Amino acid sequence: MEDNDSDQKGIQFHEMGLDDRILKGIAKLGWLSPTLIQEKAIPLFLEGKDVLMRARTGTGKTGAFAIPVIQKILSKKQFDREQAIKTLVLAPTKELCCQIHKNFLELTTKCSREVRCVDISAQVDISAQKPLLIEQPDIVIATPARALAHLNAKTFSLKKTLETLIIDEADLIFSFGYEDDVKEVLKHLPKIYQAALASATLSDEVVSLKKMVLHNAAILKLQEPEMAPVSQLEHYTLHAEENDKAAILYALLKLQLVRGKTIIFVNTVDRCYKLKLFLEQFGIATCVLNSELPASIRCHSVAQFNRGTYNIIIASDEKALEDPGPQSAYQPKSKKRRKDKESGVSRGIDFQCVSNVINFDFPADAASYVHRAGRTARGTNKGTALSFISVREVPLKEEVEESLKGSLSEDSLFKTYNFKIEEIEGFRYRAKDAWRAVTRIAVREARLKEIKQEILNSEKLKGFFEENPNDLMRLRHDKALHTVKLQSHLADVPTYLIPEPLRDVIDIPKPKLQHPYKPKKSRFQKKWVAKKNNPLFNMEFSGFGNETKDDGNDDN
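Every chain's residues receive numbers from 1 upward, in the order its sequence appears when written. Local features are withheld for residues below a pLDDT of 70 in this predicted model, meaning they are given only at 70 or higher, and side-chain atom pairs are given and counted only at 80 or more; totals for whole chains, interfaces and linings count all residues. Side-chain figures throughout are based on the complete set of non-hydrogen atoms in the structure, without hydrogens or water.

When helices and strands are tallied, the chain shows 21 helices and 14 strands. Throughout, a contact is declared for two residues whenever any of their heavy atoms are within 4.5 Å. By sequence separation, contacts in the chain at least 24 residues apart represent 80% of the contacts at least 6 residues apart. In the structure as shown, the chain presents an accessible area of about 30000 Å², 51% of it carried by carbon and sulfur atoms. In this description a helix means any DSSP run of H or I spanning at least four residues, a strand means any run of E spanning at least two, and both kinds are numbered starting from the N terminus. Per-residue and other accessible areas follow the Shrake-Rupley method at a 1.4 Å probe size, with only the shown protein chains counted as cover for residues.

So this is what it looks like as structure tokens:
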């Protein structure tokens, strides 16, 4: 029995020969024991082997390569005479680069002087990042295109110093158009180095990348399903047409049938704003992750979401970035919106403690569904994925269910979400007008207005916010945009609208209006208030009534 128990527990972090400073960083993160991929990959990496890690989203792949990289650098610090760049980490999106950088900083919290890490994925002038690289940090994180730009500009060199190459989310590298960039980056590397690929799938792209980068690699293909087991992640479908989807979502959120942190996925960025403006009319605050805004703003939005500043975020995945959908009728057809191709939401970003994923628009393929659902039920947390299905989306749902059937022990992936739409007729009546009120012009104006708001988050104010962190906390990304006329009564839910079985169960708080209505004062009222507040009109005057007139003569 004792042997079996030890086998179940597996090897622990303190049994891997890690530096005490790394163990303290791990403890501070609250990682009690390594995940399966970390338990298998870290020892192989420390032995100097090339590793191909295939594990589903949320299993701790970043820690699986970050911990041994830091350990290798610390082990060689005592023998190295010169500071040099030892590790290059490539990732397909800026958000993922930002998240990897954050993880490295957290793991090196007790050895930050010995191990320095920089993220150069931001789209700023190369000369602006040159001071960061002059100091020769131990770890450099970038997208392939950004790394190549710096190498061509000779702001740093890897030919003689690089020891480790990491490529995260390897199955997205080629799909994001980085194949040529990766080939060029490899020309700037030494002939001998240790490499690791981390991926959620073993696609043809990963196999091609493996041949280019790895040598006699240890392949870790964990025997696990693509998604968390049904006992941890429950999948529901709710059949509704386009006109009813908005009403159902409004009812679910307002009646508190969906609780906890929630990510709502749609298929285009314009749909993100349409949904935000729709919910805004009912006093439901949401944040939009917009691929057109700078990566620093998107990362700040995710950080606030993770801290609990707001609980609802609306996003579109990387498929929407490649195909942004039909253009607005008010936009010239010859011009295309400038979007950030190095951005992705359904993959890479580390959303924390997400309870629900709602597919307002059903994803186009099984891979997108897997990665959307993978935003919840991460680690040991439980989660729920609810998908709205219209008639035209039924084939997509069947395709997803068929492709994932082999990885599940259950006969059916999806359960039916029991929802009687006839009981929310009042919600449908309200939602119909509110949805119709969100026009293309309102969406366009909302996008422009948010860009103006987010200027406050620019790098120009970085120094100010470093000195005044409380002001940075006040910058919220879920503020109302007010491009659709708001009616204050819509934010309240009267008792007669609540389905009878729920009336004694839930208590909907009264909304706090951001702009409460105040009746205008008439011209007469304004004059009277001004006269009343004027000290010249408030002086006491005794008058000439029965007072004895003083003529200035004194008889005495």
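This paragraph deals with the packing of helix H9 (residues 179-187) against helix H10 (residues 204-213). To get an axis, a line is fitted to the C-alpha atoms, and for a helix only the part in contact is used. The angle between two axes follows their N-to-C directions and goes from 0 to 180 degrees. One way to put it is that H9 packs onto H10 with a least axis distance of 11 Å and a crossing angle of 10°. As the angle between them shows, H9 and H10 are arranged roughly parallel. The two elements H9 and H10 meet at a crossing, and its hand is right-handed. Side by side, H9 and H10 meet where Val182, Lys183 and Leu186 of the first sit next to Leu209, Met212 and Val213 of the second. Nonpolar residues are Ala, Val, Leu, Ile, Met, Phe, Trp, Tyr, Cys and Pro. Charged residues are Asp, Glu, Lys and Arg, and all others, Gly as well, are polar. For the contact of H9 with H10, the residue count by class is five nonpolar, no polar and one charged. Under this scheme an angle from 65 to 115 degrees is roughly perpendicular, one under 35 degrees roughly parallel, and one over 145 degrees roughly antiparallel; angles in between are oblique. Take the far helix as your reference; a near helix turned counterclockwise from it by less than a right angle gives a left-handed crossing, and one turned clockwise gives a right-handed crossing.

We now examine the pairing of strand S1 (residues 51-54). Think of it in three bands: with a 1.4 Å probe and only protein chains considered, a residue is buried below 20% of the maximum accessible area for its type, exposed above 50%, and partly exposed in between. Of the two faces of S1, the one holding Val51 and Met53 and the one holding Leu52 and Arg54 are both buried throughout. Should DSSP find at least two bridges between two strands, the strands are regarded as paired. As paired elements, S1 and strand S6 (residues 194-199) share four bridges and run parallel to each other. Note on S6: the bridge partner recorded for leucine 52 is leucine 197. Sheet topology note: the S1/strand S7 (residues 218-221) ladder contains four bridges and is parallel. Across the sheet, residue arginine 54 finds its bridge partner in S7, namely lysine 221.

Turning next to the nonpolar core. The term nonpolar core refers to a set of buried residues drawn from Ala, Val, Leu, Ile, Met, Phe, Trp, Tyr and Cys, joined through side-chain atoms within 4.5 Å. Leu249, Leu275, Phe278, Phe360 and Phe388 are the most contacted members of the largest nonpolar core, which totals 49 residues. Elements with a contribution of two residues or more to this core: strand S8 (233-239), helix H11 (242-254), strand S9 (262-266), helix H12 (269-280), strand S11 (312-316), strand S13 (383-389), helix H17 (425-437) and helix H18 (440-454). In terms of residues, this core owes the most to one element, H11, which gives eight residues. The residues touching leucine 275, leaving out its near neighbours within four places in the chain, are Leu249, Ile264, Val266, Ile314, Phe360 and Trp435. Listed in part, the 39 residues of the second largest apolar core include Ala66, Ala91, Leu96 and Ala198.

Glancing now at the pattern of salt bridges. Put simply, a salt bridge is a Lys or Arg side-chain nitrogen that is within 4 Å of an Asp or Glu carboxyl oxygen. One pass over the full model with this rule turns up 18 salt bridges. Among the salt bridges present, the one from aspartate 80 reaches lysine 86, with a minimum N-O distance of 2.5 Å. For aspartate 80, a relative accessible area of 33% translates into the label partly exposed. Lysine 86 gets classed as buried once you look at its relative accessible area, which sits at 11%. Lysine 397 is the partner of glutamate 401 in a salt bridge, and the nearest nitrogen-oxygen pair spans 4.0 Å. With glutamate 401 and lysine 397 both in helix H16 (residues 394-404) and four residues apart, the pair spans about one turn of that helix.

Let us look at the packing of aromatic side chains. Each aromatic pair joins two rings of Phe, Tyr and Trp (for Trp, the six-membered one) with centres within 6.5 Å, and gets the label stacked for planes under 30 degrees apart, edge-to-face for over 60, and tilted for any other angle. Counting across every chain of the model gives 13 aromatic pairs. Seen from their ring centres, tyrosine 236 and tyrosine 417 are 6.0 Å apart, and the 85° between their planes marks the pair as edge-to-face. Separated by 181 residues along the polypeptide, tyrosine 236 in strand S8 and tyrosine 417 in the loop between strand S14 (415-416) and H17 bring together distant segments of the chain. Classification of tyrosine 417 as partly exposed rests on a relative accessible area of 23%. The rings of Tyr250, Phe278, Phe282, Phe360, Phe388, Phe427 and Trp435 are connected pair by pair, giving a single aromatic cluster. Two conditions define a charge sitting above a ring: the NZ of Lys or the CZ of Arg must be within 6 Å of the ring centre, and it must be within 35 degrees of the ring normal. The cationic tip of lysine 245 hangs over the ring face of phenylalanine 360; the distance from NZ or CZ to the ring centre is 5.9 Å. A cation over a ring is seen here: lysine 261 above phenylalanine 305, with NZ or CZ 5.5 Å from the ring centre.

The N-to-C vectors of helix H4 (residues 61-77) and helix H5 (residues 94-107) enclose an angle of 50°; their axes lie 10 Å apart at closest approach. Relative to H5, the element H4 lies oblique. Crossing of H4 against H5: the hand is right-handed. Here Thr62, Phe65, Ala66, Ile67, Val69 and Ile70 of H4 come into contact with H5, specifically with Ile100, Asn103, Phe104 and Leu107. Here the contact of H4 with H5 is built from residues that sort into eight nonpolar, two polar and no charged.

Within the open sheet, the seven strands sit side by side as S3-S4-S2-S5-S6-S1-S7. Their pairing is parallel. Either end of the sheet is taken by a strand with one partner, and the two such strands are strand S3 (117-119) and S7. Sheet twist, expressed as the mean angle between neighbouring strand axes with direction ignored, is 10°. Across three bridges, S3 lies against strand S4 (residues 139-142) in parallel orientation. Each residue of the ladder has a partner; that of aspartate 119, found in S4, is isoleucine 141. Each of S1, strand S5 (164-167), S6 and S7 touches helix H3 (residues 36-46); the most contacted strand, S7, lies at about 175° to it.

So, about the environment of glycine 17. Here glycine 17 lies in the loop between helix H1 (2-9) and helix H2 (20-29). Sequence separation of glycine 17 and leucine 46 is 29 residues, and the distance between their C-alpha atoms is 9.4 Å.

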